[in-house]
Amino acid sequence: MIFLQDVNDWKNEIIERGKTFVENVKSSRQKAVQVGERFITDGATILTHGYSRTVKTLLLKAAQKKKFKVIVTEGRPECLGYRYAEELSLHEIPVTIILDSAVGRIMERVDFVIVGAENVTENGGVINKLGTYPLALTAVAAHKPVYGIVESFKFARLYPLRQDDLPPSQDETVNFSSVPPNKNTATKDLVKFFNPLFDFTPPSYIQLLFTDLGVLTPSAVSDELIKLCPN
Amino acid sequence: MPQNANLSDVITLISDIKHGKVFSSYEIALRTENLLEKVISEEKWANAKELMQQIKGKIQQVTQSLPLETTATNIMRHILKVIREECDQVSKKKGEGQSLHQLVTADQSEERDYSESHGDLKNCLLDHLTEYKVELETSTENIAAQALEHIHTKEIILTVGKSNTVEKFLKHAAGQRSFQVIVVEAGPLYHGHKMAASLALSGIQTTVIPDSGVFAMMSRVNKVIIGTHSVMADGGLRAASGVHGVALAAKHYSVPVMVLAHMYKLTPSYVCSHEKDTFKMCASPANIIPYSTGPLLNKINVYNPIFDYVPPELVTLFISHQGGNAPSYVYRLLSELYHPDDYELY
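Structure report, in brief.

So, how was this worked out
All residue numbers refer to positions counted from 1 along the written sequence of the respective chain. Each chain takes a letter, starting from A, and each ligand takes a number, starting from 1, following the order in which they are written. Side-chain atom pairs in this predicted model are given and counted only at pLDDT of 80 or more, local residue features only at pLDDT of at least 70, and totals for whole chains, interfaces and linings cover all residues. The basis for every side-chain value is the complete set of non-hydrogen atoms in the structure, without hydrogens or water. Secondary structure elements follow DSSP: runs of H or I of four or more residues count as helices, runs of E of two or more count as strands, with numbering from the N terminus. Burial here depends on accessible area, computed with a 1.4 Å probe over protein chains only, as a share of the maximum for the residue type. Under 20% is buried, over 50% is exposed, and the range in between is partly exposed. Contact definition: two residues touch when any of their heavy atoms are within 4.5 Å. All accessible areas in this document rest on Shrake-Rupley with a 1.4 Å probe, and a residue is counted as covered only by the protein chains that are shown. The positive count covers Lys and Arg only, the negative count covers Asp and Glu only, and His and the chain ends enter neither. Here, a salt bridge means any side-chain nitrogen of Lys or Arg that lies within 4 Å of a carboxyl oxygen of Asp or Glu. Distance and chemistry together define a polar contact, namely a pair of N or O atoms within 3.5 Å, with one atom able to donate a hydrogen and the other to accept it when in protein, and with adjacent residues in sequence counting only for side-chain atoms on both sides. Any two of the Phe, Tyr and Trp rings considered here, Trp counted by its six-membered ring, make a pair once their centres fall within 6.5 Å; the pair's planes then place it as stacked at under 30 degrees, edge-to-face at over 60, or tilted in between. In this scheme, Lys NZ or Arg CZ marks a charge over a ring once it lies within 6 Å of the ring centre and within 35 degrees of the ring normal. When DSSP finds two or more bridges between a pair of strands, those strands are recorded as paired. Lines fitted to the C-alpha atoms define the axes, with helices restricted to the stretch that makes contact. Angles between their N-to-C directions range from 0 to 180 degrees.

Quick notes on the overall build of chain A
Assigned secondary structure in chain A consists of 6 helices and 10 strands. Within chain A, the proportion of its 231 residues that are buried is 45%. Look at the contacts in chain A between residues 6 or more apart in sequence, and 76% of them connect residues 24 or more apart. Taken as a whole, chain A presents about 12,700 Å² of accessible surface, with 55% of it coming from carbon and sulfur.

What to know about the side chain of B:Glu69
All names here are of chain B. With respect to the helices and strands, the residue Glu69 is situated in the loop between helix 3 (48–65) and helix 4 (70–91). One buried charge, Glu69, has no salt-bridge partner; the nearest side chain with opposite charge is Arg238, at 8.1 Å. A polar atom in the side chain of Glu69 sits 3.4 Å from the side chain of Thr71. Once you skip the residues sitting within four places of it in the chain, Glu69 turns out to touch Ile17, Ile28, Val62 and His229.

Observations regarding the packing of aromatic side chains
Centre distance and the angle of the planes are the two values used to describe a pair of aromatic rings. Under the definition given, this model contains 9 aromatic pairs over all chains. Arranged with centres 6.5 Å apart and planes meeting at 65°, the rings of B:Tyr329 and B:Tyr331 form a pair that is edge-to-face. For B:Tyr329, a relative accessible area of 32% corresponds to the partly exposed category. Members of the aromatic cluster, joined through ring pairs, are A:Phe39, A:Phe112, A:Tyr147, A:Phe210 and B:Tyr270. Between A:Arg83 and the ring centre of A:Tyr51, over which it is positioned, the NZ or CZ distance is 4.6 Å.

Digging into the sheet that holds strand 4 (residues 112–115) of chain A
All names here are of chain A. With mixed pairing, the 7 strands of this open sheet are ordered in space as 3-2-1-4-7-9-10. Looking along the sheet, the strands with just one partner apiece sit at the ends: strand 3 (95–98) and strand 10 (214–216). Along the sheet, successive strands turn relative to each other by an average axial angle of 25°, direction set aside.

Observations regarding the environment of B:Ser230
All names here are of chain B. Its location among the elements puts Ser230 in strand 5 (residues 230–231). Once the C-alpha coordinates of Ser230 and Glu69 are considered, the two residues, 161 residues apart in sequence, prove to be 8.8 Å apart. Those residues in contact with Ser230 that lie beyond four places of it in its chain are Thr70, Gly236, Leu237, Arg238, Lys265 and Thr267. Separated by 3.2 Å, the side chains of Ser230 and Thr70 make a polar contact. Looking at Ser230, its side chain comes within polar contact range of the side chain of His229, at 2.9 Å.

Below you can see the structure in the form of structure tokens.
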């Protein structure tokens, strides 16, 4: 603890701390990747969902020393899966793109699933792109491990009990279809759209989280959060 | 870099383990503890940093030669934590590892070097080691003392193969409760027979069943009590071959699985790949098909893996000398035993 008398000293200290924080945050992705690299084994088939830069960094780093295959979901409605697959294949990783709904069909060929996260909730669950929850459900039903790779600054003091507890981050009624639902203009407004960005995956479906603080089991996340805010 | 002379004690230990002169985890633990006592009292080191470098060198040597032999490395890691704690106590500085709190407050705490010289360190460490040795020696009795909390009259307990810890546990309870034990043979060496004979001599009603009979008998069993080789960081087990099947049968019938594990069996590593971390170590295939079978052996592959991995969902409780813990709590026990910087030393 540092006690400062002058407002200017105070300001400078906060600015310094802010700079240190940014430095730490920049290195946290690399640390998380270093932790998770060991779990990517030679000859593995990896399934991933959504365009996560952390997962991409992990896969590219592991590809320098090991040979493995990646299966990427299309990721509607943004369809970032195509760009993701292109970027991975430029580094000579064999990539397959599948429809989001093909996850159940392909799960038996997969060795493990790895996803990034927007947030990690207090109980160790993960908030990630829409579709992560059914992917994790399918993986657990097929006895395949689900790993998350996430930097520790994404740990949040959120504790959703149900999917609807997630705050909406955009207009969830926007039309995402390129095909018009019906041609009858009189009933056009009767058809509603539900288009959330994220879903919540409960901790029981996640095996391990690779973070810059090391490998954590979901139950260890709340310990870290408690240390952060002692009250 | 540690010179070869310093590693000769570790090399002797590794060679004894490989040749089967030191077999049980308990004996390996005692040998490692003696080795560390010698290092601290007789080797030359000027400060904590040099001592830790020496011990880390030994851990690396053991990990390279015997990657699945975790007892020795776990005890050495624990001693590294004890050394760090001693230094922190003296210099009254907290050498906190990475934590979310440190990240967010962006505390400018310096890297702990541990290179201050500390006059009394040797004696403090030797005191700690003596305490630790007593803890090791009484660990089995302390686990056995908890038997009465877990075993009740007229229960049917199932165990697999031979484990000294489980044997003492059951015999302690048999002094005051009457219950039955079913022992699984555990091929191909059938250690279960010796276990059953020993239990029967103490007056416990014992039944021996073959490995294939586990599922059939599981519906009658009240509890499964087993030992293990190591406890992984996610709460899973690296146990003797066949235990995974027993655990699955127990899960099917909702029978609780209790694992008796000493603290030195808790290892901070994970099973990343079954081929490398579990099924790599195999015993002689002659135990399964003898060499006298002749030319047939040219046409078949025989595997005799020693270990099995049991995922944490199948384990109900870990019983150590400090009490019972759920598998999801193992991360907390690890953080108390080892310092995060010592988790991976390869």
